[in-house]
Amino acid sequence: MATRLRERLAALVAAAVGWRFFKPAVFVACLSPAIWLGYRAWRFFLGGDLTALGVDPSATLEHETGKTALIVLLITLSVTPLRRLLGVNRLQIVRRMLGVWSFTYAALHVSIYLVVDQLCYSTQTCDLSGIWQDVLKRRFIFAGATAFVILSSLAITSTTGWQRRLRKNWQRLHRLVYVAAVAAIVHFVWIQKSDIREPLRWGFFLAVLLALRVVFAIQKRRRARVRLPVTA
Amino acid sequence: MIIRIKTSADVSSSEITPEHVYRSRREFMQTTAAGALGAVAGALLVPGARLDAAQQDLPAAKKSAFTVDQSVDPLNTFEQITSYNNYYEFGARKDDPVRYAGRLTVKPWTVKVDGLVNKPGNYGVEDLVNFNQLEERIYRHRCVERWSMVIPWIGVSLSEVLKKVQPQPSAKYVEFTTLVRPNEMPGLQTAGLDWPYLEGLRMDEAMHPLTLMVVGLYGKVLPNQNGAPLRVHIPWKYGFKSGKSIVRIRLTDMQPHNTWAVQTPNEYGFYANVNPTVDHPRWSQARERRLPSPLLNRPTLIFNGYGDQVASLYAGMDLRKFY
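The following paragraphs examine the structure supplied in this document. (Residues numbered from 1 in each chain as written. Chains lettered and ligands numbered in written order. Predicted model: local features only at pLDDT ≥ 70, side-chain atom pairs only at ≥ 80, totals over all residues. Heavy atoms only, no water.)

### Quick look at the sheet that holds strand E7 (residues 198-202) of chain B
Residues and elements named next belong to chain B. Ordered in space as E3-E2-E11-E6-E7, the five strands form an open sheet in which the pairing is mixed. Two strands bound the open sheet, and with one partner strand each, they are strand E3 (121-123) and E7. Direction aside, neighbouring strands of the sheet carry axes that sit 20° apart on average. Where strand E6 (residues 173-178) lies against strand E11 (residues 246-252), six bridges are found, and the strand directions are antiparallel. The residue bridging valine 174 from the neighbouring strand is leucine 251, located in E11. (Pairing = 2+ DSSP bridges. Helix = DSSP H or I, 4+ residues; strand = E, 2+ residues; numbered from the N terminus. Axes fitted to C-alpha atoms, helices over the stretch in contact; angles between N-to-C directions.)

Right, dumping it as structure tokens:
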């Protein structure tokens, strides 16, 4: 029963992935939250509609970009487990794009923080010491900054050129994505005042994804051990 | 934001409900029960939508000398004030109160007054607040989360209320208890605080003329999400000090526990005076954003700009220690 369900799901995913517009479709899906937020921001800042971003526009801008970055990161981390569970190797073709999209939303999130909270829309107003204080003194900002620094370096080295140049180190470096994901969840938990259910739900999802990787690693090692006498 | 300033300057509070409109509306409400019922039903069916139209009028309030310079502090709109609230009994998100507070029953309402008073007992709202002496006061409201608004409250000084119940000389503090009603308040299960919500003031803070017992907003009966039917507002303190939907007022000689200080003692204290130099551990309090501006570009004022009137209450106190 479970096997049949998995086969059907695998066939469905394989069909979707096989579609010639699969990659562009994923691209558009990733772009759409930015378009929707950008449209509301345009109405607020230029159209004079002061309700377009809710009562507290900076909260709306920061929360929506931050949450989208996290969700896209978790989707990125779902690619490998899904590929292995369903046996649809072609899913791999969207992984890099998803990762870069997660970084894009994180960069938007950080830029909005710099502009609205630290007033970095001009050099005169930008509160550089305030930023430094925030990173050093506020642990939730430190956690967020950690995640962002990691995502930035992974986005920069995401190209095929860098992949070749770094060889084995590329995979080592890109394993830091797990640290970034955990730091992002911690950042989300630490900004809450009392109700931490939402970040914990995403944290549980991340824990499942990480646990699956541990299972895969154990399976791989076992298989290697079984093969050993045969090859010897 | 430039446009925002223009819009709100257009709406001076005196233009919102002229007295004759007050009275004619009031007559209409009194003579047409159906109209009143319709208004209430409207408020229940469409939370957030044209709340000002659904909310009942109050007797005319006299303009108070406690106001603001509206060229510096333009009023926030009724919609802003009533759709962005911290009222955790309805949920921890800012739009939870406007969504769920409609189901709250505020009539009948009893406030238990006890402790060190000569006239303890169960009081109705009208027993505590003289509705013929209502004042409209325009106050700055500063949340500990760094956003602020300017709000035209209707109410009377808390001192007038306390005088009615006659505090004993031994009373040093006032404790406020907020309503806990699980079948009407979904946030009680989820918001992660201990209930009931408790707040307190020192006696001299409670008796200060600025401390307001609120029953209305923008000339209307106070909307549920803002703490109907009875709440306090202490304009020189962070918003969490101003308890909503009060069911108990207790006078005591010991400093009361207040919910947030119990929950996270290193972040929230008993005094919670607005102070740009005392940071919240997770953010600087030096600047604030006046909604709906997204920019955190307004310098925070000591005692929220009410220092002339209240700084003397804290003479000689280390405000870093008593935060």
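More follows now that the structure is in view.
### A closer look at empty space enclosed by the protein
Residue and element names in this part refer to chain B. Tallying each qualifying case throughout the model produces one cavity of 30 Å³ or more. Approximately 360 Å³ is the volume found for the largest cavity. Along the wall of the largest cavity there are 26 residues; nearest its centre are Asn86, Tyr87, Gly239, Phe240 and Lys244. The leading source of residues in the lining of the largest cavity is strand E5 (residues 147-157), at four residues. For the lining of the largest cavity, the per-class residue count stands at 14 nonpolar, eight polar and four charged. (1 Å grid on protein atoms, 1.4 Å probe; cavity = no way out; pocket = protein on both sides within 12 Å on 5 of 7 lines; lining within 4 Å. Points joined across faces, edges and corners; volume = space filled by probe spheres on them. Nonpolar A, V, L, I, M, F, W, Y, C, P; charged D, E, K, R; others polar.)

### Structural notes on a positive patch on the surface
Positive charge collects at one region of the surface, where Arg84(A), Lys168(A), Arg172(A), Arg175(A), Lys220(A) and Arg223(A) lie side by side. For the positive patch, the secondary structure elements donating two or more residues are helix H8 (168-174) and helix H10 (197-231) of chain A. (Patch = residues over 30% accessible without salt bridge, like charges linked within 9 Å, V, L, I, M, F, W, Y side chains within 5 Å. Areas by Shrake-Rupley, 256 points an atom, 1.4 Å probe, with all protein chains shown as cover. Salt bridge = Lys/Arg side-chain N within 4 Å of Asp/Glu carboxyl O. Lys, Arg positive; Asp, Glu negative; His and termini not counted. Charge placed at Lys NZ, Arg CZ, Asp CG, Glu CD.)

### Let's talk about the layout of surface pockets
Residue and element names in this part refer to chain A. Of the volumes computed, that of the second largest pocket is approximately 1,100 Å³. Lining the second largest pocket are 31 residues; nearest its centre among them are Thr80, Arg95, Gln171, Tyr178 and Arg213. Elements with a minimum of two residues in the lining of the second largest pocket: helix H3 (57-86), helix H4 (95-117), helix H6 (139-156), H8, helix H9 (177-191) and H10. Its residues assigned to classes, the lining of the second largest pocket comprises 14 nonpolar, eight polar and nine charged.

### Some points on a nonpolar patch on the surface
On the surface, Trp36(A), Tyr39(A), Trp42(A), Phe45(A) and Leu46(A) cluster together into a nonpolar patch covering about 610 Å² of accessible area. The exposure class assigned to Phe45(A) is partly exposed, which follows from its relative accessible area of 39%. (Buried < 20%, exposed > 50% of the residue type's maximum accessible area, 1.4 Å probe, protein only.)

### What about unusual backbone geometry?
At the junction of Ala228(B) and Pro229(B), the peptide bond is cis and its omega measures out at 0° in the coordinates. Along the chain, Pro229(B) falls in the loop between strand E9 (220-221) and strand E10 (231-233). A cis amide bond, omega 5°, links Leu291(B) with the succeeding residue Pro292(B). Inspection of the secondary structure puts Pro292(B) in the loop between strand E12 (287-290) and strand E13 (298-299). Residue Arg167(A) is not a glycine yet carries a positive backbone phi of 45°. Classification of Arg167(A) as exposed rests on a relative accessible area of 70%. With a phi close to 85°, Arg146(B) is a non-glycine residue in the positive phi region. You can see Arg146(B) is positioned in the loop between strand E4 (135-142) and E5.

### Brief notes about the pattern of salt bridges
One pass over the full model with this rule turns up 28 salt bridges over all chains. In this structure, Arg40(A) engages Glu64(A) in a salt bridge whose closest nitrogen and oxygen atoms are separated by 2.6 Å. Taken together, the positions of Arg40(A) in helix H2 (residues 22-45) and Glu64(A) in helix H3 put the pair 24 residues apart, joining distant regions of the chain. Note that Arg298(B) and Asp73(B) form a salt bridge whose closest N and O atoms lie 2.9 Å from each other. Placement of the pair is Arg298(B) in strand E13 and Asp73(B) in the loop between strand E1 (62-63) and helix H6 (78-83), with a sequence separation of 225 residues. Using a relative accessible area of 22% as the deciding quantity, one classes Arg298(B) as partly exposed. Among the residues examined, Asp73(B) registers a relative accessible area of 5% and is labelled buried.

### Concerning H4(A)
The first and last C-alpha atoms of H4(A) sit 33 Å apart over 23 residues, in line with the 33 Å expected at 1.5 Å per residue. Every buried residue of H4(A) is accounted for by Met97(A), Leu98(A), Trp101(A), Ser102(A), Tyr105(A), Ala106(A), Ile112(A), Tyr113(A), Val116(A) and Asp117(A). On the buried face of H4(A), the contacting elements are H2, H3, helix H5 (128-137) and H6 of chain A together with E12 of chain B. Positive backbone phi, approximately 60°, marks Leu119(A), located one or two places after H4(A). (Expected span 1.5 Å × (residues − 1). Contact = heavy atoms within 4.5 Å.)

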